[in-house]
There are 4 protein chains.
Amino acid sequence: MKAGIIGAGRIGRVHAQNIARFVPEVDIKTVADPYMNEETEKFLKTTCNVAQVTKDAGDVLKDVEIEAVLICSSTDTHSKYIIDAAKAGKHIFCEKPIDYDLAKVHEAIAAAETAGVKLQIGFCRRFDHNHRGVYDIVKSGKIGKVHMIKISSRDPEPPSIDYVKVSGGIFYDMMIHDFDMARFLAGSEVTEVMANGSVLIDSAIGEAGDVDTAVVVMKFENDAIAIIDNSRKAVYGYDQRVEVFGSEGCVKNENDVPNTVILSDADKTSCENTYKIMWDRYTQAFVSEIQEFADAVVNDKDVSVNGMDGLYPVEMAAAATKSLKEGRPVKIEEVK
Amino acid sequence: MKAGIIGAGRIGRVHAQNIARFVPEVDIKTVADPYMNEETEKFLKTTCNVAQVTKDAGDVLKDVEIEAVLICSSTDTHSKYIIDAAKAGKHIFCEKPIDYDLAKVHEAIAAAETAGVKLQIGFCRRFDHNHRGVYDIVKSGKIGKVHMIKISSRDPEPPSIDYVKVSGGIFYDMMIHDFDMARFLAGSEVTEVMANGSVLIDSAIGEAGDVDTAVVVMKFENDAIAIIDNSRKAVYGYDQRVEVFGSEGCVKNENDVPNTVILSDADKTSCENTYKIMWDRYTQAFVSEIQEFADAVVNDKDVSVNGMDGLYPVEMAAAATKSLKEGRPVKIEEVK
Amino acid sequence: MKAGIIGAGRIGRVHAQNIARFVPEVDIKTVADPYMNEETEKFLKTTCNVAQVTKDAGDVLKDVEIEAVLICSSTDTHSKYIIDAAKAGKHIFCEKPIDYDLAKVHEAIAAAETAGVKLQIGFCRRFDHNHRGVYDIVKSGKIGKVHMIKISSRDPEPPSIDYVKVSGGIFYDMMIHDFDMARFLAGSEVTEVMANGSVLIDSAIGEAGDVDTAVVVMKFENDAIAIIDNSRKAVYGYDQRVEVFGSEGCVKNENDVPNTVILSDADKTSCENTYKIMWDRYTQAFVSEIQEFADAVVNDKDVSVNGMDGLYPVEMAAAATKSLKEGRPVKIEEVK
Amino acid sequence: MKAGIIGAGRIGRVHAQNIARFVPEVDIKTVADPYMNEETEKFLKTTCNVAQVTKDAGDVLKDVEIEAVLICSSTDTHSKYIIDAAKAGKHIFCEKPIDYDLAKVHEAIAAAETAGVKLQIGFCRRFDHNHRGVYDIVKSGKIGKVHMIKISSRDPEPPSIDYVKVSGGIFYDMMIHDFDMARFLAGSEVTEVMANGSVLIDSAIGEAGDVDTAVVVMKFENDAIAIIDNSRKAVYGYDQRVEVFGSEGCVKNENDVPNTVILSDADKTSCENTYKIMWDRYTQAFVSEIQEFADAVVNDKDVSVNGMDGLYPVEMAAAATKSLKEGRPVKIEEVK
């Protein structure tokens with residue numbers, strides 16, 4: 001299968017390289033990026049076996065040989081490219097989120113449905129071995145009925161203030177992964193969101209209208225409760241853990257570590273911290289999500305993270321944003 | 001020092017035995033309980049070296065030889081006995097909570113202050129080695145400024161429905177320990193409480209007007225955020241863990257286990273669950289709190305869990321109860 | 001039951017205190033020690049409820065009221081007191097080892113057998129929760145047939161050179177516990193011992209004719225193999241772990257730690273070291289062994305660590321000593 | 001750099017694929033194997049970007065364009081190909097062991113030295129993140145002077161009896177990795193070896209003249225002691241752990257696990273076993289060793305596992321074999 005990639009930023013290059021290394025059934029024919037430069041071109045052609053590069057996304061969208069498109073461009077272009085790709089009859093893998101505007105998300109999903117193409121959203125954490133391990137146990141019924149979900153998600157460093165100003169806020173750009181994870185683990189839909197937040201790390205984040213420390217509590221249709229905590233700065237690394245408590249048990253995971261070495265000296269017993277870089281933490285997850293997308297397209301299977309899975313977390317982010325602003329619980333219905 | 005105990009239920013007997021074994025500077029002269037029976041009398045006299053037993057608390061309160069009183073009777077009698085003991089000039093160790101009625105709590109605290117006697121409240125978890133270890137690291141400054149506190153507190157089995165009906169609810173009878181722990185770890189006072197709850201374990205608990213699964217998010221004066229989750233039934237045992245996240249690191253603890261044995265067979269790698277009985281989990285904490293009380297009285301030191309430490313968690317429980325009922329965040333000021 | 005203790009050194013006082021606290025069916029009537037002083041007398045009478053103290057062991061051995069004797073004196077007196085106590089018809093708990101001279105060990109065991117009294121040897125580690133947990137799993141059959149046993153046993157600090165000179169060497173005074181543990185876990189008898197040793201910690205130990213680092217490999221009748229490693233100085237604390245590998249799995253334990261606290265800062269993730277003091281590490285084991293001895297006497301049950309269990313490790317120590325000296329494997333038969 | 005591979009069995013194919021994926025500076029021009037078939041050819045050309053395949057190793061050795069050769073053929077051909085490749089002026093990566101015949105090993109090393117080509121031996125475990133992590137800490141001096149090394153190395157399943165008959169025995173085909181690891185971690189050379197072994201898993205292994213359970217104790221020049229234990233069958237998976245104990249501390253590692261998920265149900269707390277397949281356990285190590293070899297050749301650096309590193313473990317295996325046969329410690333000098 002021939003595929004194209006729109007967007008040659010970090011995530012686009014990661015997908016290109018992973019496909020070259022680990023997805024033999026896919027050939028990347030074309031990568032399009034308005035800012036394509038020589039270095040990127042060389043990397044894509046040499047390391048990723050990409051046949052050609054271009055500055056025009058149209059070269060991907062109009063190419064009849066290309067069956068599937070990976071949309072790795074900036075968020076504001078996602079819905080447009082989904083619609084264009086769907087009209088061109090191409091299967092679509094789109095980075096999260098589809099858009100911050102719920103109307104645009106609905107439009108993009110509808111376009112893919114109308115065209116009958118597959119649409120997978122890049123919630124890579126669903127494919128992480130540790131999170132998937134928790135999911136598998138929840139699905140197996142080993143912990144019975146889900147009562148509580150706890151998700152910790154903390155980044156090593158805050159993004160730049162410039163990014164904070166345009167990102168839509170911590171609920172849209174950071175906690176959105178956790179909103180997806182909560183739905184994934186609960187097997188039920190969220191009905192109400194209550195957000196709390198503080199500016200504890202950098203006052204400039206507060207001046208930009210955002211918080212850097214956030215806690216969200218959510219109620220599900222089945223009365224389970226989820227708790228998510230986010231921090232923009234965990235000095236010890238990328239901290240991502242989940243715990244699901246149920247009627248028959250509790251399952252949780254720990255972060256990965258670079259090695260399992262344990263040192264005991266006269267002072268203490270110690271081991272290495274988790275990873276400080278997202279790409280190291282989720283190396284395998286990025287591979288797995290693309291392998292599953294390729295498998296879905298080549299073998300005509302359902303994608304496991306579809307358009308609606310892209311929609312709900314945006315609704316949850318909208319509700320959380322409203323809740324934080326108004327200091328009260330907000331029902332999902334209020335933001336639909 | 002001679003001491004008396006009012007109340008010979010489970011906790012009264014535990015204190016009596018611990019004093020006999022581990023607190024050489026204290027002699028229990030008298031234990032009073034209206035339901036004193038032969039079996040209890042035998043246990044107290046033989047195993048705990050108690051000199052005499054009685055059905056009348058007055059025998060303790062009026063005994064001039066007795067310098068300190070442990071109030072281990074039912075909650076509704078706590079404030080009365082505190083006031084009586086204070087008037088009699090005796091130092092007081094009182095089981096938590098002082099009362100559910102804030103006015104009575106204030107009255108009891110005032111009585112102890114007026115009398116100039118020591119008043120320690122039985123928040124034993126502050127003395128647990130694992131929680132104390134977290135506290136010590138927070139206090140040492142190793143994690144910098146506190147940003148978030150997470151407390152999981154889950155019991156192995158729900159109490160009887162009869163108890164649920166009179167206990168005041170999950171916030172007063174169970175989460176009150178966690179309210180205390182949150183203040184202990186934060187080093188700051190709570191300003192706002194938002195409660196969530198569900199009935200997921202036993203519908204009879206719901207019919208009795210309570211929830212069996214509860215999540216509370218709290219804001220502190222210093223903008224730190226605490227999250228507490230409670231469940232009435234964790235099938236794997238008494239699950240009590242805390243985590244404190246700060247600007248310079250994160251400290252957490254795990255449950256104790258009966259042994260450190262790890263078995264790997266063809267199927268999995270496994271170890272023992274935590275304890276299923278509170279008395280096994282907090283064995284050492286019950287000893288330590290009484291040792292500290294004895295030390296405070298004998299050597300005229302401040303107690304570390306004083307009357308005001310008994311007051312605040314009751315305010316927090318009141319705010320949580322109101323929040324759950326009204327479906328909105330409640331400020332502590334509203335319930336003062 | 002009334003009991004007496006011969007020897008009021010550290011271990012004698014520990015037993016006296018544990019009996020006072022945790023063994024209600026035993027009263028210590030008399031403690032005898034030629035170096036009895038006021039401080040020890042006060043401790044024994046006040047804290048341990050001991051009725052009387054004496055400098056003469058005969059006051060214990062001749063007292064018809066005393067049913068059981070704990071022999072906690074120096075090793076060179078063990079066999080003599082066992083024989084005397086046996087002749088006096090008293091049940092005996094004797095600290096390990098019975099003696100370094102195999103003939104004396106046999107004589108002592110024979111005396112107890114002839115007198116029909118119980119004889120328990122103080123191999124306390126068999127009663128430790130972590131080692132017992134491994135034993136229980138081995139006995140349960142969960143790991144199938146035992147193939148290999150690995151025991152690490154390292155002390156925080158070497159003993160004094162004066163002690164090293166008279167202790168009989170590392171195999172008799174330190175590894176003897178591990179010889180017992182190996183038999184306990186294997187459920188089979190050792191047939192051959194091969195010892196290795198080095199002087200790596202303190203050359204004075206070498207000059208005293210001993211090694212400070214020792215490794216012993218042993219073959220059992222059932223062809224299983226045991227490996228023991230000893231070091232006189234582990235800077236991180238008292239390190240005592242066992243692992244049993246079998247046809248159906250592997251079971252091991254870890255050291256206990258003072259608390260379960262885990263700290264992650266910008267540098268590393270760390271926790272507390274194990275205990276640095278034997279009495280902290282084996283607190284519960286010392287209680288359990290005495291409780292079991294009391295139970296055996298009071299309820300006429302077999303002791304679980306009998307005289308023969310005291311004999312075999314001494315044979316193993318003799319074989320290890322010979323092996324190290326001669327640089328070759330030594331069969332147990334050679335030293336019998 | 002263009003390279004060739006001699007031998008297209010499992011390990012040859014793994015190296016080919018890893019080079020295609022992760023070693024951009026190397027192109028595999030030719031893979032030679034007398035049993036080359038269509039399936040292998042397709043895999044090599046399609047997945048590994050290999051330019052051509054052949055049944056004749058000479059096509060690799062005579063190709064002047066090829067600068068480096070990976071020798072992945074059967075052990076009995078290693079020394080011959082090393083000599084041929086050295087004469088052809090090609091840098092050499094050779095799978096372990098060079099040969100079981102010490103004379104041939106010496107000859108091969110001499111040939112590479114004479115030709116001035118690099119010779120790296122495939123002791124991949126040195127490149128494993130967990131073992132390397134232990135090594136790094138030992139090298140850093142954090143544990144002071146090395147006193148003891150403990151290595152556990154257990155396979156999930158015994159090899160076929162046909163293989164056992166020709167493999168040279170457990171010391172040559174399995175423990176050889178651990179002999180290398182012991183030297184790697186000790187930073188000192190072994191002077192004496194004492195081997196023990198039993199047939200506990202399959203009597204057919206005994207009938208073939210080998211043991212399936214083996215323990216070796218070794219003395220180093222610096223008086224440190226190493227203990228290695230091997231089992232042909234650990235039902236719970238590929239178990240490979242090391243521990244180094246020193247004057248200032250102790251460092252050890254644990255096995256990798258597929259995920260960090262922990263499940264607590266009413267019965268126990270459990271997690272996944274380690275890997276059951278070597279290729280899963282050492283995925284990264286195989287990549288790293290080839291990356292380092294490529295780096296050494298391309299940038300003219302020393303290889304870290306050279307010919308002499310290939311020689312010593314074979315001497316240790318010879319000594320262990322002799323020791324087991326003769327039931328006595330054997331000095332390395334005896335087998336040189």
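Look up a bit, the structure's there.
Residues numbered from 1 in each chain as written. Chains lettered and ligands numbered in written order. Predicted model: local features only at pLDDT ≥ 70, side-chain atom pairs only at ≥ 80, totals over all residues. Heavy atoms only, no water.

Asks: I keep staring at the overall build of chain A and nothing clicks. Help me out?
Replies: When you go through chain A residue by residue, the secondary structure sums to 14 helices and 15 strands. A compact globule built from 336 residues should have a C-alpha radius of gyration of about 20 Å, and chain A, at 20 Å, falls within 12% of that. Principal-axis analysis of the C-alpha atoms places the extent of chain A at approximately 55 × 55 × 45 Å. Here the contacts in chain A between residues at least 6 apart in sequence split such that 71% fall between residues at least 24 apart. Accessible surface, chain A: about 12300 Å² in total, of which carbon and sulfur atoms supply 48%. Taken as two groups, the 39 positive and 54 negative side-chain charges of chain A have centres that lie 0 Å from each other. (Helix = DSSP H or I, 4+ residues; strand = E, 2+ residues; numbered from the N terminus. Rg over C-alpha atoms; globule rule 2.2 N^0.38 Å. Contact = heavy atoms within 4.5 Å. Areas by Shrake-Rupley, 256 points an atom, 1.4 Å probe, with all protein chains shown as cover. Lys, Arg positive; Asp, Glu negative; His and termini not counted. Charge placed at Lys NZ, Arg CZ, Asp CG, Glu CD.)

Asks: Before we go on, may I ask you to explain the packing of helix 4 (residues 78-87) of chain B against helix 5 (residues 102-115) of chain B in this structure?
Replies: A packed helix pair is summarised by two numbers, namely the angle formed by the two axes and the spacing between the axes. Residue and element names in this part refer to chain B. The geometry of helix 4 relative to helix 5 is characterised by a closest axis approach of 8 Å and an angle of 15 degrees between their N-to-C directions. Considering their axes alone, helix 4 and helix 5 lie roughly parallel with respect to each other. For the element pair helix 4 and helix 5, the recorded crossing hand is left-handed. Between helix 4 and helix 5, the contacting residues are Ser79, Ile82, Ile83 and Ala86 on the first element and Lys104, Glu107, Ala108, Ala111, Ala112 and Ala115 on the second. Along the lines of polarity and charge, the residues of the contact of helix 4 with helix 5 split into seven nonpolar, one polar and two charged. (Axes fitted to C-alpha atoms, helices over the stretch in contact; angles between N-to-C directions. Parallel < 35°, antiparallel > 145°, perpendicular 65-115°, else oblique. Left-handed = near helix turned anticlockwise from the far one by under 90°. Nonpolar A, V, L, I, M, F, W, Y, C, P; charged D, E, K, R; others polar.)

Asks: Teacher, can you tell me more about unusual backbone geometry here?
Replies: Residues apart from glycine generally show negative phi values, whereas peptide bonds are mostly found in trans. The omega torsion of the bond from Lys96(A) to Pro97(A) falls at -15 degrees, within 30 degrees of zero and hence cis. Relative to the assigned elements, Pro97(A) resides in the loop between strand 5 (91-94) and helix 5 (102-115). In the Ramachandran plot, Asp223(B) falls in the positive-phi region, its phi being about 75 degrees despite a non-glycine side chain. Secondary-structure assignment places Asp223(B) in the loop between strand 9 (213-220) and strand 10 (225-231).

Asks: Before we go on, may I ask you to explain the pairing of strand 7 (residues 146-154) of chain A in this structure?
Replies: One face of the sheet, then the other: side chains in a regular strand alternate in exactly this way. Residue and element names in this part refer to chain A. Counting buried positions over the nine residues of strand 7 gives nine, a clear majority of the element. Bridge count for strand 7 against strand 11 (residues 239-246) is eight bridges, and the pairing is antiparallel. Within strand 11, the position partnered with Arg154 by the bridge is Asp239. Strand direction decides the pairing type here: strand 7 and strand 10 (residues 225-231), joined by seven bridges, are parallel. Paired with Ser152 across the strands is Asp229, a residue of strand 10. (Buried < 20%, exposed > 50% of the residue type's maximum accessible area, 1.4 Å probe, protein only. Pairing = 2+ DSSP bridges.)

Asks: How do you make sense of the sheet that holds strand 1 (residues 2-6) of chain B when you look at a structure like this?
Replies: By definition, the strands of a sheet pair up through backbone hydrogen bonds, in either a parallel or an antiparallel sense. Residue and element names in this part refer to chain B. Spatially, the six strands line up as an open sheet ordered 3-2-1-4-5-6, and their pairing is parallel. Each of the sheet's edge strands pairs with one partner strand only, and the pair in question is strand 3 (52-54) and strand 6 (119-121). Neighbour-to-neighbour, the strand axes of this sheet turn through a mean angle of 20 degrees, independent of strand direction.

Asks: Even after reading the chapter, I still don't get the sheet that holds strand 2 (residues 27-32) of chain C, so can you show me in this structure?
Replies: Residue and element names in this part refer to chain C. Here we have six strands laid out as an open sheet, ordered 3-2-1-4-5-6, and parallel in their pairing. Looking at which strands have only one partner, the edges of the open sheet turn out to be strand 3 (52-54) and strand 6 (119-121). Across the sheet, the mean angle from the axis of one strand to that of its neighbour is 20 degrees, orientation sign disregarded. In this structure, strand 4 (residues 68-71) lies alongside strand 5 (residues 91-94), joined through four bridges in parallel fashion. Paired with Ile71 across the bridge in strand 5 is Cys94.

Asks: Sorry, what's going on with the interface of chain A and chain B here?
Replies: As a measure of interface size, the accessible area lost when the parts come together is often cited. With 41 residues of chain A at the contact, the number on the chain B side is 41 residues. Taking both partners together, chain A and chain B bury about 3200 Å²; carbon and sulfur atoms supply 60% of that area. Considering only the side of chain A, the residues that lose the most area to chain B are Lys150(A), Leu200(A) and Phe245(A), jointly responsible for 17% of the buried surface there. In this assembly, chain A and chain B are joined by eight salt bridges. Residue Asp229(A) pairs with Lys150(B) through a salt bridge whose shortest N-O separation is 2.6 Å. Between the two partners, chain A and chain B, sit 14 residue pairs in polar contact (both at pLDDT 80 or more). Every element with two or more residues in the side of chain A that touches chain B is listed here: strand 7, strand 8 (190-198), strand 9 (213-220), strand 10, strand 11 and strand 12 (249-252) of chain A. Each residue belonging to the side of chain A that touches chain B can be placed in one class, and the counts come to 16 nonpolar, 12 polar and 13 charged. (Buried area = accessible area lost by both parts, 1.4 Å probe. Salt bridge = Lys/Arg side-chain N within 4 Å of Asp/Glu carboxyl O. Polar contact = N/O pair within 3.5 Å; in protein donor to acceptor, adjacent residues only side chain to side chain.)

Asks: Would you mind going over helix 9 (residues 176-186) of chain A with me for this structure?
Replies: Helical geometry: 3.6 residues make up each α-helical turn, so side chains three or four residues apart lie on a common side. Most of helix 9 of chain A is tucked away: 11 of the 11 residues are buried. For helix 9 of chain A, the full list of buried residues reads Ile176(A), His177(A), Asp178(A), Phe179(A), Asp180(A), Met181(A), Ala182(A), Arg183(A), Phe184(A), Leu185(A) and Ala186(A).

Asks: Before we go on, may I ask you to explain the interface of chain B and chain D in this structure?
Replies: Taken together, the 13 residues of chain B in the interface contact 13 residues of chain D. Taking both partners together, chain B and chain D bury about 970 Å²; carbon and sulfur atoms supply 47% of that area. If you look at where chain B meets chain D, you find zero salt bridges. Across the chain B-chain D interface, the total number found is eight residue pairs in polar contact (both at pLDDT 80 or more). Broken down by secondary-structure element, the contributors of at least two residues to the side of chain B that touches chain D are strand 13 (262-265) and strand 14 (269-271) of chain B. If one sorts the elements of the side of chain B that touches chain D by residue count, strand 14 of chain B sits on top with three residues. When its residues are assigned to classes, the side of chain B that touches chain D shows four nonpolar, four polar and five charged. Looking at chain direction, strand 14 of chain B and strand 14 (residues 269-271) of chain D are connected through three bridges and run antiparallel. Across the sheet, residue Thr269(B) finds its bridge partner in strand 14 of chain D, namely Cys271(D).

Asks: Can you help me understand the relation of the copies chain A and chain B in this one?
Replies: Two chain copies, one operation linking them: a rotation about an axis together with a shift along it. Rotating chain A by 180 degrees about the axis while translating it 0.0 Å along that axis superimposes it on chain B, leaving an RMSD of 0.0 Å. The operation mapping one copy onto its partner corresponds to a two-fold rotation axis. Relative to the rotation axis, the closest C-alpha in chain A is found at Arg328(A), a distance of 2.8 Å. Most of the interface of chain A is mirrored in chain B, where 100% of its interface residues are also at the interface. (Least-squares fit on C-alpha atoms with pLDDT ≥ 70 in both.)

Asks: Looking at this model, I keep getting lost on the side chain of His177(D). Mind explaining?
Replies: Residue position: His177(D) is located in helix 9 (residues 176-186). Not counting chain neighbours up to four residues away, the residues in contact with His177(D) comprise Lys96(D), Gly122(D), Phe123(D), Cys124(D) and Arg125(D).

Asks: I'm lost on the relation of the copies chain B and chain D in this one. Help?
Replies: With an axial shift of 0.0 Å and an RMSD of 0.0 Å, the rotation relating chain B to chain D amounts to 180 degrees. Same-surface contact between copies: 100% of interface residues of chain B are shared with the interface of chain D.

Asks: Just checking my understanding: could you explain the environment of Gly249(A) for this structure?
Replies: Turning to its location among the elements, Gly249(A) is positioned in strand 12. The spatial distance from the C-alpha of Gly249(A) to the C-alpha of Gly141(A) is 9.7 Å, given a sequence separation of 108 residues.

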